[in-house]
Amino acid sequence: MKTIVVIGGGITGLSAMYELQKWKKANGEDVRLVLAEASNQLGGKIRTVTRNGFLMEAGADSIVSRKLEKMPVVEELGLEQEVVYNATGRSYIYTDGELKPIPDDAVFGIPASLESLAKSTLVSAEGKVAALKDLYTTNKIFTKNDSIGAFLEYFLGTELVEKQIAPVLSGVYSGKLSDLTIASTLPYLIDYKEEYGSIIKGLEANKQKFKGGERKFLSFQNGLDTLIHAFEENLVDAEILKNTKVHKIEKENSHYHVYLNNQERIEADYIILSIPHTAAKSLINDPDLKNEFTGLKSSSLVSVYLGFNVPDSILPADGTGFITANTNELCCNACTWTSRKWGHTSKSGNLLVRLFYKSSHPSFASLKNMNKEELLEIARGDIHKSLGIDAEPIASEVTNWTDQMPNYLIIHPQSVEALESKMTADYPGIILAGCSYYGVGIPDCIKNGADSARKLVQMF
Ligand code: FAD
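Residues numbered from 1 in each chain as written. Predicted model: local features only at pLDDT ≥ 70, side-chain atom pairs only at ≥ 80, totals over all residues. Heavy atoms only, no water.

*Asks:* An account of the packing of helix 7 (residues 148-156) against helix 8 (residues 158-173) is needed here, citing residue identities and associated values.
*Replies:* Direction vectors running N to C along helix 7 and helix 8 enclose 140°, while the axes themselves pass 9 Å from each other. Judged by the twist between their axes, the crossing of helix 7 over helix 8 is right-handed. Of the residues in helix 8, those in contact with Ile148, Leu152, Glu153 and Leu156 of helix 7 are Thr158, Leu160, Val161, Ile165 and Leu169. Partitioning the contact of helix 7 with helix 8 into residue classes produces seven nonpolar, one polar and one charged. (Axes fitted to C-alpha atoms, helices over the stretch in contact; angles between N-to-C directions. Helix = DSSP H or I, 4+ residues; strand = E, 2+ residues; numbered from the N terminus. Left-handed = near helix turned anticlockwise from the far one by under 90°. Contact = heavy atoms within 4.5 Å. Nonpolar A, V, L, I, M, F, W, Y, C, P; charged D, E, K, R; others polar.)

Here it is in structure tokens:
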């Protein structure tokens, strides 16, 4: 009997195993399916914590509805009745000691009409005039492989980019705009520039596509880990080994020895490595793959939740959170008003906020070594300064995601391609999967897990 081992029980590994189990059942295959997960629970970057009446997501907090709704898993796993959607509202930028609204009609902070530019309270009159260059210049310089930061600054001016666009866009794509390509962020902007002669006009003409808000994101009534539990309950034909860290993989002829932390060894014919690339690199431990792995990068993030015994109606009525523009004003990069955005996280209507501390922030160098109590103090300081709240929190959750946030830099696609082709040649039967390579969003990971399983089955 052949053995397939999936290493890593995050959403990618679970999706891979779910697909393998379906294939095994449909074809009556005589195959042993094993999933090894280092932690005592499945889910990886999806982990729900409930405390004192608050529901907090230590990792991912929601899923882009448009992407998940196209996938059969929610229905297959019987989760339709559990789905909840985000409440809509306005985002603010915290700057010069106050919360200023991101203007209406902006896409990632980029004005999608001249009126939106004119009404911005974030940019000076000079900054607005500079942005008009977009209307009368054509693009002869930039291709999709150039930096999105340079492209936007060239046409829309430095001030608009620094004060209104970069705070939003850097947050969404976890990186400096100078390090991110147009292709990996907003490739359509270069097409708009070509077609409409202007980024602003292009966004205006395509406004309907960006209409967000209603039902844009989803989660589940009892938290995102509902999805994890549903996968787990369905995996009846696979051996799920928790608290089982794989510490070495050795190749022998056409199969692999998989060494577990409990001194046991599994003989595997095929492996799906759905773990972060740093962990995959150390398991394979092959100096010949060093260069390819080096092209893959990750950054860090600390997430702090604070729950208060005060109603969340004390916050501005239309808001759902803010982003920090000036790194010298607050230590956090952003703050979500979680109870406002997600009713299921605080059924009493008490205030729950989540602060994000990213490695791109200058104060992160000192924050990353702080203990939980120190981080809570920093978060309380930020909340006091930005929202004027001094109350003692009645619930909190601090999670440190050191080097766990993949950053797809300019060289990312080439690095993945090179790594894939070396793996196929030198390690046939091992497939790399997950957020380090093929997209970080949960729907991307679910798809990639299932695709990896289908690819493996082709080799069987
Ligand atoms: P992981 O979740 O990292 O799973 C890998 C698993 O492998 C882990 O369980 C780990 O314990 C295990 N493992 C590692 N090494 C070994 C080993 N040697 N042996 C055995 N097991 C091992 N995405 C969204 O779509 N929406 C969001 O709102 C969102 N927000 C996010 C917020 C945060 C703070 C973070 C960290 C991520 C967020 N993401 C979000 C991204 C998304 O959560 C991840 O990309 C996705 O969950 C990754 O799944 P994965 O299975 O590929 O990897």
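*Asks:* Got a sec to walk through the environment of Pro362? Specific residues and values, please.
*Replies:* Along the chain, the position of Pro362 falls in the loop between strand 20 (350-358) and helix 16 (364-367). Note: C-alpha distance between Pro362 and Cys331 (31 residues apart in sequence) is 8.3 Å.

*Asks:* Please give an account of the pairing of strand 15 (residues 265-268) that cites residues and values.
*Replies:* Along strand 15, the buried face is formed by Ile266 and Ala268; none of Arg265 and Glu267, which line the opposite face, is buried. Of the strand pairs in this sheet, strand 14 (residues 255-260) and strand 15 are connected by four bridges, and their pairing is antiparallel. Bridging across to strand 15, Val258 finds its partner in Ile266. Counting the residues in the hairpin turn of strand 14 and strand 15 gives four residues, including Gln263, whose phi is positive at 75°. (Buried < 20%, exposed > 50% of the residue type's maximum accessible area, 1.4 Å probe, protein only. Pairing = 2+ DSSP bridges.)

*Asks:* Help me get a handle on empty space enclosed by the protein, residues and values and all.
*Replies:* Throughout the structure, instances matching the rule amount to three cavities of 30 Å³ or more. In this structure, the largest cavity occupies an estimated 50 Å³ of space. Contributing to the lining of the largest cavity are Lys45, Pro276, His277, Thr278, Ser298, Asp403, Gln404, Met405, Pro406, Cys435 and Ser436. Residue assignment for the lining of the largest cavity shows that the elements contributing at least two residues are helix 13 (277-284) and strand 21 (395-407). Top element by residues in the lining of the largest cavity is strand 21. It accounts for four residues. Its residues assigned to classes, the lining of the largest cavity comprises four nonpolar, five polar and two charged. Two domains each donate at least three residues to the lining of the largest cavity, and these are domain 1 (2-46 + 224-296 + 409-459) and domain 2 (51-56 + 66-71 + 83-89 + 298-407). Roughly 40 Å³ of internal volume is contained in the second largest cavity. Lining the second largest cavity, in full, are Glu57, Asp61, Ser219, Tyr305, Thr338, Trp342, His344 and Thr345. (1 Å grid on protein atoms, 1.4 Å probe; cavity = no way out; pocket = protein on both sides within 12 Å on 5 of 7 lines; lining within 4 Å. Points joined across faces, edges and corners; volume = space filled by probe spheres on them. Domains from an automatic or database assignment.)

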